[in-house]
Amino acid sequence: MVEKLRDTPKIDELMKGPWPSFVKEIKLSAKLSGRAGERANDLLGVLERSYNDKIGHWKHGGIVGVMGYGGGVIGRYNDLPEEFPKVAHFHTVRVNQPSGWFYKTDVLRKICDLWEKHGSGVTNMHGSTGDIILLGCATEDLEPVFADLTEMGFDLGGSGSDVRTPSACCGMARCEWACYDTMGACHDITQTFQDELHRPAFPYKYKFKFAGCPNDCVASVARSDMSIIGTWRDDIQMDAAAVSEYAQSGKFDMQADVVGRCPTGCMSWDGQKLAIDNRNCVKCMHCINAMPKALAPGRDRGATVLLGSKAPIVGGALLSSVMVPFLKMEPPYEDLKELAEAIWDLWGEHGKNRERVGEFIQRIGMSNFLEQIGLDPIPEMVIQPRTNPYIFFETEEEE
Amino acid sequence: MSVSEDQVAEAMYAMIKEYHGKRNLKALDLSKAMIEKFGEEECDKKFCKKAIRQLIDSGRCTYSYVGGSYIVLPPDSPDAR
Ligand code: SF4
Ligand code: SF4
């Protein structure tokens, strides 16, 4: 255990208040014995210094990783190695999380033990990519970490210009709204594209996220290059008796809170009976979320495949656009895989370095893009079809 | 195919060595150059992928990240000096 914790008056401010504090957690790690404690203590020092200097003291990138892999480790070095020698290297290790983030407690304990042995004891469960994030390891410890992880049945996730670790909501494992097996699809895609995940060969990152229904609990529409969002194409299932119960419960006003908030105005309520014009339902989930005991997604279920979102820290967010309005999501998911490969071929060939697929589409134009990957334009691809039909349909000249 | 995976890997390695310290090469830069050199009939993208795998798995080359993922010589390679 380190003899004395670094003096950190500035970042100590971040321990005040009722919310969780990462500073408090790093201080706990700094009390660990051995290298983990020493690293966490120097991490506190660098952080304090950064708050004083008003700049970050980290550089990232370079040649760092495990044999054969081009992703999974993000090289981090501090630019004050003499002052903070224990965190001269402080690499991040991304570990591919289980589908739906289910763990047994003994596995979580083993991961923590492993990170106290080789790293800093500081983790981030989970990072925005979905991976288990292990923070703070020296270059010479990477291979031992990898060996221990693989022995436990884990693998590294993606980083750099590759397929990033796909992630999925808990789907059918816990949620009655799941319109397909998100965890199964996520696992299958992860296994199929191991090469693309571990051997970076794209212009930039490519994320898959699997959401079981339009509630989109993994925020795939805003945070993944390819969003696979569960949906249905028949009618919403309705239990009329349960609808009446909700109406009589007095918990909400059926007209104002449910019908009035339907984005397409496709519901009506005469005080007794709820009617839905399903042809105009855009599957927003609002009414189903409001009355979960009375309404449910239809029985003919699958997913909508969307493309092109990204959530950068600096520039504006980009939401994904519909590519395939309805796909039956059944193993082995051949259609989805073929579509992804066609997109990679085109973007790989013509994309600029660090250009996400959504930015690539913006640059070359959606109609060009669709033509190149062999998809016909359809109205569902238009974000606001009634006000802004930005796809121009070419009418073939007749002889 | 009359071009072997080893030949493509060697040609890629020569290119990486030539550009070492001057320009970073991505997997796609290597594949495009090989397809141009040997012709698509002899060397397609899948074949190039195998050659890259050979270079990485043998330790002759490694991945590096400099605002994008590149394939480079390991720092301790005699050809990197
Ligand atoms: S996205 Fe839908 S299916 Fe998945 S957990 Fe959320 S509500 Fe359930
Ligand atoms: S799911 Fe949304 S669009 Fe469809 S009927 Fe319910 S509120 Fe309206």
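Higher on the page you've got the structure.
Calculation notes
Residue indices follow the written sequence of each chain, beginning from 1 at its first position. Key to labels: chains lettered from A, ligands numbered from 1, both in the order written. Local features are withheld for residues below a pLDDT of 70 in this predicted model, meaning they are given only at 70 or higher, and side-chain atom pairs are given and counted only at 80 or more; totals for whole chains, interfaces and linings count all residues. Neither water nor hydrogens contribute to the side-chain values; these are computed over all heavy atoms in the structure. Put simply, DSSP H or I for four residues or longer makes a helix, DSSP E for two residues or longer makes a strand, and each gets a number counted from the N terminus. Each residue gets one of three labels from its accessible area relative to the maximum for its type: buried under 20%, exposed over 50%, partly exposed in between, using a 1.4 Å probe on protein chains only. Should any heavy atoms of two residues lie within 4.5 Å, those residues are counted as being in contact. Note on areas: Shrake-Rupley, 1.4 Å probe, and residue coverage restricted to the protein chains presented here. Charge assignment: positive for Lys and Arg, negative for Asp and Glu; neither His nor the chain ends contribute. One atom stands in for each charge, and that atom is NZ of Lys, CZ of Arg, CG of Asp or CD of Glu. As a working definition, buried area equals the accessible area (1.4 Å probe) given up by two parts on being put together, with both sides summed. A pair is scored as a salt bridge if a Lys or Arg side-chain nitrogen falls within 4 Å of a carboxyl oxygen belonging to Asp or Glu. Pairs of N or O atoms within 3.5 Å make up the polar contacts considered here, provided that, within protein, one atom can donate a hydrogen while the other can accept it, and that residues adjacent in sequence are counted only when both atoms are side-chain atoms. Only when DSSP finds a minimum of two bridges between them are two strands counted as paired. When we say a residue is near a molecule or strand, we mean one of its heavy atoms is within 4 Å of it. Residue type decides the class: Asp, Glu, Lys and Arg count as charged, Ala, Val, Leu, Ile, Met, Phe, Trp, Tyr, Cys and Pro as nonpolar, and the leftover types, Gly among them, as polar. Each axis is a line fitted through C-alpha atoms, taken for helices only over the stretch in contact, and angles between the N-to-C directions span 0 to 180 degrees. A pair of Phe, Tyr and Trp rings is counted when the ring centres sit within 6.5 Å of each other, with Trp represented by its six-membered ring. The angle between the planes then sorts it: under 30 degrees is stacked, over 60 is edge-to-face, the rest tilted. Lysine NZ or arginine CZ positioned within 6 Å of the ring centre and within 35 degrees of the ring normal marks a charge as sitting over the ring. Cavities and pockets are defined on a 1 Å grid built over the protein atoms alone: a cavity is a set of grid points where a 1.4 Å probe fits but cannot escape, while a pocket is an open set with protein on both sides within 12 Å along at least five of seven lines, and lining residues are those with an atom within 4 Å of any such point. Grid points are joined across faces, edges and corners, and a volume is the space filled by probe spheres set on the points.

Visitor: Hey, could you go over the overall build of chain A for me, with residue numbers and the actual values?
Guide: Counting its regular elements, chain A contains 14 helices and 15 strands. Each principal axis of the C-alpha distribution contributes one length, and for chain A these read about 75 × 65 × 40 Å. A buried classification covers 49% of the 399 residues belonging to chain A. Restricting the contact set of chain A to residue pairs at least 6 apart, pairs at least 24 apart contribute 65%. Taken as a whole, chain A presents about 19900 Å² of accessible surface, with 51% of it coming from carbon and sulfur. Separation of charge centres in chain A, based on 43 positive and 56 negative side chains, amounts to 8 Å.

Visitor: So what about the interface of chain B and chain A? Which residues, and what values?
Guide: Contact residues are listed per partner, giving 22 residues for chain B and 24 residues for chain A. In total, about 1800 Å² of surface goes out of reach between chain B and chain A, with carbon and sulfur atoms giving 47% of it. Asp 57 of chain B is the partner of Arg 199 of chain A in a salt bridge, and the nearest nitrogen-oxygen pair spans 3.0 Å. For the pair chain B and chain A, the number of links is 14 residue pairs in polar contact (both at pLDDT 80 or more). Looking at the side of chain B that touches chain A, the elements that each hand over two or more residues are helix 2 (27-38), helix 3 (45-57), strand 1 (62-65) and strand 2 (69-72) of chain B. Here the side of chain B that touches chain A gets 5 residues from one element, more than from any other, and that element is helix 3 of chain B.

Visitor: Which residues make up the pairing of strand 9 (residues 226-232) of chain A, and what values do they have?
Guide: Residue and element names in this part refer to chain A. Buried residues dominate strand 9, accounting for 7 of its 7 residues. Burial along strand 9 is two-sided: the residues Met 226, Ile 228, Gly 230 and Trp 232 and Ser 227, Ile 229 and Thr 231 are all buried. Sheet topology note: the strand 8 (residues 208-211)/strand 9 ladder contains 4 bridges and is parallel. Within the sheet, the bridge partner assigned to Phe 208 lies in strand 9 and is Met 226. Pairing of strand 9 with strand 14 (residues 301-307), which is carried by 7 bridges, proceeds in the antiparallel orientation. Directly across from Gly 230, in strand 14, lies its bridge partner Ala 303.

Visitor: Could you give me a rundown of the site of ligand 1, with the residues and numbers involved?
Guide: Inspection of the region around ligand 1 gives Cys 169, Cys 175, Trp 177, Ala 178, Gly 212, Cys 213, Asn 215, Asp 216 and Cys 217 of chain A as its neighbouring residues. For the shell around ligand 1, the per-class residue count stands at 6 nonpolar, 2 polar and 1 charged.

Visitor: Go over the packing of helix 2 (residues 22-30) of chain A against helix 3 (residues 34-53) of chain A with me, naming the residues and quoting the values.
Guide: All names here are of chain A. Look at helix 2 against helix 3: their axes get within 7 Å of each other, and the N-to-C directions meet at 145 degrees. Packed against helix 2, whose contacting residues are Phe 22, Val 23, Ile 26, Lys 27, Ser 29 and Ala 30, the element helix 3 presents Ala 36, Gly 37, Ala 40, Asn 41, Leu 43, Leu 44, Leu 47 and Tyr 51 at the interface. Here the residues of the contact of helix 2 with helix 3 are counted per class, giving 10 nonpolar, 3 polar and 1 charged.

Visitor: So what's going on with the packing of aromatic side chains? Residues and values would help.
Guide: Counting across every chain of the model gives 14 aromatic pairs over all chains. Both rings, one in Phe 202 of chain A and one in Trp 344 of chain A, keep their centres 5.0 Å apart while their planes meet at 40 degrees; by these two values the pair is tilted. Note that Phe 202 of chain A is positioned in the loop between helix 7 (194-198) and strand 8 and Trp 344 of chain A in helix 12 (residues 334-350), a separation of 142 residues in sequence. Here Tyr 246 of chain A and Phe 252 of chain A contribute two aromatic rings whose centre-to-centre distance is 5.9 Å and whose plane-to-plane angle is 20 degrees, an arrangement assigned as stacked. Across the pair, Phe 252 of chain A and Tyr 246 of chain A agree in class, each one buried. What links up through ring pairs into an aromatic cluster is the set Phe 193, Phe 202, Tyr 206, Phe 208, Phe 210, Trp 344 and Trp 347 of chain A. Between the NZ or CZ atom of Arg 23 of chain B and the centre of the ring of Tyr 19 of chain B, over which it lies, the distance is 5.6 Å. Between the NZ or CZ atom of Arg 60 of chain B and the centre of the ring of Tyr 13 of chain B, over which it lies, the distance is 4.0 Å.

Visitor: Go over the layout of surface pockets, please, and point to the residues and values.
Guide: All names here are of chain A. Of the pockets and cavities examined, the second largest pocket occupies roughly 1200 Å³. The wall of the second largest pocket is formed by 30 residues, among which Val 282, Lys 283, Val 322, Glu 380 and Val 382 lie closest to the centre. Residue composition of the lining of the second largest pocket, grouped by class: 18 nonpolar, 7 polar and 5 charged.

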